[in-house]
Amino acid sequence: MATIKAQMPGVFYRRPAPEKPVYVDDGEEISAGQTIALIEVMKTFNELKADAAGTVAEFLVADGDEVDVGQDIVRLGEA
Amino acid sequence: MNELLVRSGGLYTTVQDTGRFGYYHMGMPPSGAMDVYSAVVANMLVGNPDDAGVLEGTYVGPRLEFTDDRMVAVTGADVPVTVNGESVEPWTAMRVGAGDVLEFAMIRSGCRVYVAVSGGIDVPVYLGSRSTYTLTGIGGHQGRKLVDDETLPLGAAGGRARGGAAVPEALRPALDVPAELRTVVGLCSYRLTEGALASFLGTDWKVTKDADRVGYRLRGGSLDFTEREQPFGAGSDPANVVDLGYPVGSIQVPGGDEPIVLLNDAVTGGGYATIGTVISVDRDRIAQTKTGDAVRFTSVDLDTALAARRDRRERIERVRREIAR
């Protein structure tokens with residue numbers, strides 16, 4: 001199963017700001033290097049980027065959840 | 001060329017040494033490597049003085065390119081390290097040359113990696129130290145964390161380092177969690193109820209996302225303070241006292257819910273009751289815990305704290321002998 005993993009621990013957010021739409025929706029196609037979420041840690045919001053192109057099959061964590069390093073964030077489908 | 005190319009700065013990489021001392025009374029915290037043992041040992045491996053400038057990476061390490069012949073060593077957190085894509089051993093002195101690229105994968109455990117390069121990271125010395133204090137933007141490399149595509153000055157490589165010299169497993173620090181943090185209870189622990197102190201020591205606390213070089217905010221319990229009449233000069237929060245100097249490693253509990261362990265870049269004094277102080281040796285330990293990890297505090301006396309400091313010094317000398325073999 002291809003996934004995108006968290007590179008750092010912290011709090012996971014799907015949108016750039018509370019009033020903004022999510023970066024990507026389930027089922028959407030994404031390209032390598034595209035920002036798909038934020039992880040807040042050490043008082044900074046860090047962009048989580050796709051390391052490969054594909055389709056977002058499913059987000060495996062909910063907005064506002066705490067995540068650990070290496071945790072699967074997104075399950076990818078076929079590009 | 002005496003330069004190191006920073007291809008990627010990583011998440012939060014700063015130049016640090018063993019710290020900037022002598023200015024605490026003026027409100028200047030020591031900064032310096034959060035995990036001193038790992039920083040000193042990294043320097044030893046590459047033949048540097050113990051207090052030479054090193055790089056401290058956090059969670060996501062930097063990507064570095066060398067421009068000349070150097071010795072390099074990586075210590076600290078458990079993380080796969082590569083040179084030119086080939087896996088290399090941490091806690092080991094390695095020879096690298098112009099064009100070689102050192103890189104980190106995702107950390108397995110721990111939090112901070114240290115990179116020592118022979119000659120040292122030769123940023124200007126400010127108030128006796130090369131350490132970065134980012135809150136005021138002083139010291140280190142322009143007073144800030146490293147960014148992508150910049151150049152760091154290195155000292156002249158020399159020294160007597162031996163390629164392949166490695167630190168034996170037994171002399172590498174433990175990274176298991178919950179991390180046990182030996183703590184001297186005080187200075188203001190009298191503000192806690194007896195039950196609260198027991199609860200403080202009996203709780204596994206979780207490191208929150210607000211955990212950096214300034215301090216670690218923890219969650220997992222709630223502590224009650226004793227009733228008192230608010231003294232003149234103290235704030236109204238039950239956790240407030242009349243201002244005092246904060247020891248590095250001291251633990252305060254604003255609001256009673258979230259203890260904060262003050263670390264290398266913390267404020268030097270204020271009006272919160274400090275209920276205990278993590279002993280200096282175990283600051284290395286908390287420095288290697290990451291957001292989501294658990295820590296617990298065990299009460300020790302000052303003699304134990306001093307003995308632990310002696311032990312660490314002896315461990316460092318043992319490493320020195322092992323490397324020199």
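By the naming in an unreviewed UniProt entry, chain B goes by Biotin-dependent carboxyltransferase family protein and is assigned to Prauserella halophila.

An unreviewed UniProt entry annotates chain A as Biotin carboxyl carrier protein of acetyl-CoA carboxylase of Prauserella halophila. Turning to chain A, the UniProt annotation filed under Pathway (unreviewed entry) states: "Lipid metabolism; fatty acid biosynthesis." In its Function (unreviewed entry) section, the UniProt record describing chain A reads: "This protein is a component of the acetyl coenzyme A carboxylase complex; first, biotin carboxylase catalyzes the carboxylation of the carrier protein and then the transcarboxylase transfers the carboxyl group to form malonyl-CoA."

1. Considerations on the overall build of chain B
A count of helical and extended segments in chain B gives 4 helices and 20 strands. Against the compact-globule benchmark of 20 Å for 325 residues, chain B has a radius of gyration of 20 Å, which places it among compact chains. Over its C-alpha atoms, taken along the principal directions, chain B stretches across nearly 65 × 35 × 30 Å. For chain B, contacts bridging at least 24 residues in sequence account for 77% of all contacts bridging at least 6. Element-wise, carbon and sulfur atoms account for 50% of the exposed surface of chain B, whose accessible area totals about 13,200 Å². Chain B carries 34 positive and 42 negative side-chain charges, and their two centres are separated by 3 Å.

2. Let's talk about the domain arrangement of chain B
All names here are of chain B. Examined at the domain level, chain B breaks down into domain 1 (3-171) and domain 2 (179-308). On a C-alpha basis, the centres of domain 1 and domain 2 stand 29 Å from each other. In this complex, domain 1 contributes 29 residues to the contact, which on the side of domain 2 involves 20 residues. Taken together, both faces of the contact between domain 1 and domain 2 bury some 1,700 Å²; the carbon and sulfur share is 48%. Note that Arg213 is salt-bridged to Glu56, the shortest N-O span being 2.8 Å. At the boundary of domain 1 and domain 2, one finds 16 residue pairs in polar contact (both at pLDDT 80 or more). Elements with a contribution of two residues or more to the side of domain 1 that touches domain 2: strand E2 (14-16), helix H1 (36-45), strand E5 (70-78) and strand E10 (109-117).

3. Thoughts on the sheet that holds strand E4 (residues 35-41) of chain A
All names here are of chain A. The 4 strands are arranged E5-E4-E2-E7 in an open sheet whose pairing can be described as antiparallel. The open sheet has two edge strands, strand E5 (44-49) and strand E7 (66-67), and neither has a second partner. For strand E2 (residues 10-13) and E4, the ladder comprises 3 bridges, and the chain directions are antiparallel. Bridge pairing in E4 places Tyr13 opposite Leu38.

4. Remarks on unusual backbone geometry
Cis geometry is found at the peptide bond from Val177(B) to Pro178(B), where omega equals 0 degrees. Inspection of the secondary structure assignment puts Pro178(B) in the loop between strand E11 (150-153) and strand E12 (179-185). A cis amide bond, omega -10 degrees, links Gly186(B) with the succeeding residue Leu187(B). Note on placement: Leu187(B) falls in the loop between E12 and helix H2 (194-202). The phi dihedral of Lys43(A) is positive, around 65 degrees, even though this residue is not glycine. You can see Lys43(A) is positioned in the loop between E4 and E5.

5. Examining the sheet that holds strand E14 (residues 215-219) of chain B
All names here are of chain B. Pairing is mixed in the closed barrel, where 7 strands are placed in the order E12-E19-E16-E17-E14-E13-E20. Averaged over all pairs of adjacent strands, the angle between their axes in this sheet comes to 40 degrees, without regard to strand direction. With 3 bridges connecting them, strand E13 (residues 205-211) and E14 associate as antiparallel partners. Residue pairing across strands places Ala211 opposite Tyr216, the latter belonging to E14. Against the sheet, H2 contacts E12, E13, strand E16 (250-252), strand E19 (274-278) and strand E20 (294-299), and its axis sits at roughly 130 degrees relative to E20. Helix-sheet contacts for helix H3 (residues 280-287) involve E12, E14, strand E17 (260-262) and E19, and the interaxial angle to E12 is about 145 degrees.

6. Points about the environment of Tyr114(B)
Residues and elements named next belong to chain B. Residue position: Tyr114 is located in strand E10. The sequence separation of Tyr114 and Met34 amounts to 80 residues, and the corresponding C-alpha distance is 10.0 Å. From its side chain, Tyr114 meets the backbone nitrogen of Met34 in a polar contact 3.3 Å long. A polar atom in the side chain of Tyr114 sits 2.9 Å from the backbone nitrogen of Asp35.

Calculation notes
- Residues numbered from 1 in each chain as written.
- Chains lettered and ligands numbered in written order.
- Predicted model: local features only at pLDDT ≥ 70, side-chain atom pairs only at ≥ 80, totals over all residues.
- Heavy atoms only, no water.
- UniProt positions renumbered as here; feature names shortened; annotations may be inferred.
- Helix = DSSP H or I, 4+ residues; strand = E, 2+ residues; numbered from the N terminus.
- Rg over C-alpha atoms; globule rule 2.2 N^0.38 Å.
- Contact = heavy atoms within 4.5 Å.
- Areas by Shrake-Rupley, 256 points an atom, 1.4 Å probe, with all protein chains shown as cover.
- Lys, Arg positive; Asp, Glu negative; His and termini not counted.
- Charge placed at Lys NZ, Arg CZ, Asp CG, Glu CD.
- Domains from an automatic or database assignment.
- Buried area = accessible area lost by both parts, 1.4 Å probe.
- Salt bridge = Lys/Arg side-chain N within 4 Å of Asp/Glu carboxyl O.
- Polar contact = N/O pair within 3.5 Å; in protein donor to acceptor, adjacent residues only side chain to side chain.
- Pairing = 2+ DSSP bridges.
- Axes fitted to C-alpha atoms, helices over the stretch in contact; angles between N-to-C directions.

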